[in-house]
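Residues per chain are reported as follows:
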Amino acid sequence: MKGKAWKGIALAAALMMCFGSPLTASALELKQISIAGAGTAGTFYIMAAGIADLFGKQLGVNSVAEVTAGSVENVKLLDSKRIELGVMQVDVMQNALAGKAQFKAPVDMVAIAPLYPNVIQIVTLKDSPINTFADLKGKRISVGSPGSGILATNQIILETLGMTLNDIQPQYLSFAETTNAFRDGSIDAAIVNTAAPAPWVVDLETSHEVKLIELSKEEIEKFTGKFGHFVAAEIPKEAYKSLEKDVPTFAVWITLSGRGDLPEQDVYDMTKTIFDNTDFLKGIHAVGSYITLENVSKIASLPFHPGAVKFYAEKGIDVSPKK
């Protein structure tokens, strides 16, 4: 794990000391909870590790975060019952529920809690001649590792803005590999959707100044007007030391999802634990501030686990259970 990820987990562990002992030594029917994240340099994994730590300490269950390729692989791991929970993009989950795009048949899965919006970030180096999306044509672009939600979303981004993977030189890289590729000069840019600040970009800035390519209002509206899971967003200039102003873009929401066959009371306890410890999750990463009851509506188009439905009903929030 990268240093920043370890730092976040260490901080989380310190914060947990304030919360007292777990509910019981064996609060859940489940004896093991595996939470699929992504690569260790990304926010998916950092949040999965933080939630796993939280469940272990508060629910007394053996809970671990798994390193994966990202959203698409996480769905497949849920489908094969090799994991209990997974972090994923809402658009990828919708495809899985419908059995389309990357998935040959519908997957039995449910939403549990909203996590944060992943912002589209088009990253290049400060002295790069790339200044617009159109400038990416013919360039060596990191588009995400195979099996990632980033790659799936990038194919949509390119097509919506009049390109395909054939119009660029795609490089199928993880976050950590993307940082190294910038440093050795083997890529020109990267298109990613992840939280800001992204640890791998912060790492890159220790050796190279970066710039983020703005999307025009018209480009953003091509996504927000056509796809219900995309929302307009900005990357604040405070996110990275290289930025001089906010960068307009759009975002896709990230959800914590699970298998449809998980015990109802277990999922109720897990959902309650998440929302009872939001300060702890903010200590893991700044995106923890998005885990609020108000943001449940951001993923309300998804079917929810009955245990989560029960918890939200107690809070006066109506969400749809799995049909």
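Here, every reference points to the structure presented above.
Rules and cut-offs
- Residues numbered from 1 in each chain as written.
- Predicted model: local features only at pLDDT ≥ 70, side-chain atom pairs only at ≥ 80, totals over all residues.
- Heavy atoms only, no water.
- Buried < 20%, exposed > 50% of the residue type's maximum accessible area, 1.4 Å probe, protein only.
- Helix = DSSP H or I, 4+ residues; strand = E, 2+ residues; numbered from the N terminus.
- Pairing = 2+ DSSP bridges.
- Right-handed = clockwise from strand over helix to strand, strands pointing away.
- Axes fitted to C-alpha atoms, helices over the stretch in contact; angles between N-to-C directions.
- Parallel < 35°, antiparallel > 145°, perpendicular 65-115°, else oblique.
- Left-handed = near helix turned anticlockwise from the far one by under 90°.
- Contact = heavy atoms within 4.5 Å.
- Nonpolar A, V, L, I, M, F, W, Y, C, P; charged D, E, K, R; others polar.

Along strand E4 (residues 109–125), 17 of the 17 residues are buried, which leaves the element largely enclosed by surrounding structure. In this structure, E4 lies alongside strand E10 (residues 247–259), joined through 9 bridges in antiparallel fashion. For Pro114, the partnering residue across the bridge sits in E10 and is Thr255. Pairing of E4 with strand E7 (residues 189–194) involves 6 bridges; the strand directions are antiparallel. The partner of Ile120 across the bridge, within E7, is Asn193. Direction of pairing for E4 relative to strand E8 (residues 210–212): antiparallel, over a ladder of 3 bridges. Paired with Thr124 across the bridge in E8 is Lys211.

The next subject is the pairing of strand E1 (residues 32–36). On any regular strand, side chains alternate: one points to one face of the sheet, the next to the other face. Counting buried positions over the 5 residues of E1 gives 4, a clear majority of the element. Bridge analysis of E1 against strand E2 (residues 62–66) gives 5 bridges, and the strand direction is parallel. Paired with Ala36 across the strands is Glu66, a residue of E2. In the classification by handedness, the crossover that spans E1, the intervening helix H2 (residues 43–59) and the parallel E2 is right-handed. Taken together, the 2 bridges between E1 and strand E3 (residues 85–89) define a ladder with parallel strand orientation. For Ile35, the partnering residue across the bridge sits in E3 and is Leu85.

Here Ala300 is to be found in the loop between helix H10 (278–284) and helix H11 (306–314). Spatially, the C-alpha atoms of Ala300 and Glu314 are 16 Å apart, while their sequence positions differ by 14 residues.

Let us now look at the packing of helix H9 (residues 264–276) against H11. With their axes 7 Å apart at the nearest point, H9 and H11 run at an angle of 50° to one another. Considering their axes alone, H9 and H11 lie oblique with respect to each other. Handedness of the crossing formed by H9 with H11: right-handed. In this structure, H9 uses Glu264, Gln265, Val267, Tyr268, Thr271, Lys272 and Phe275 to contact H11, whose residues at the interface are Pro306, Gly307, Ala308, Lys310, Phe311, Tyr312 and Glu314. Of the residues contributing to the contact of H9 with H11, the split by class is 7 nonpolar, 3 polar and 4 charged.

Just distances and angles here, no functional claims.
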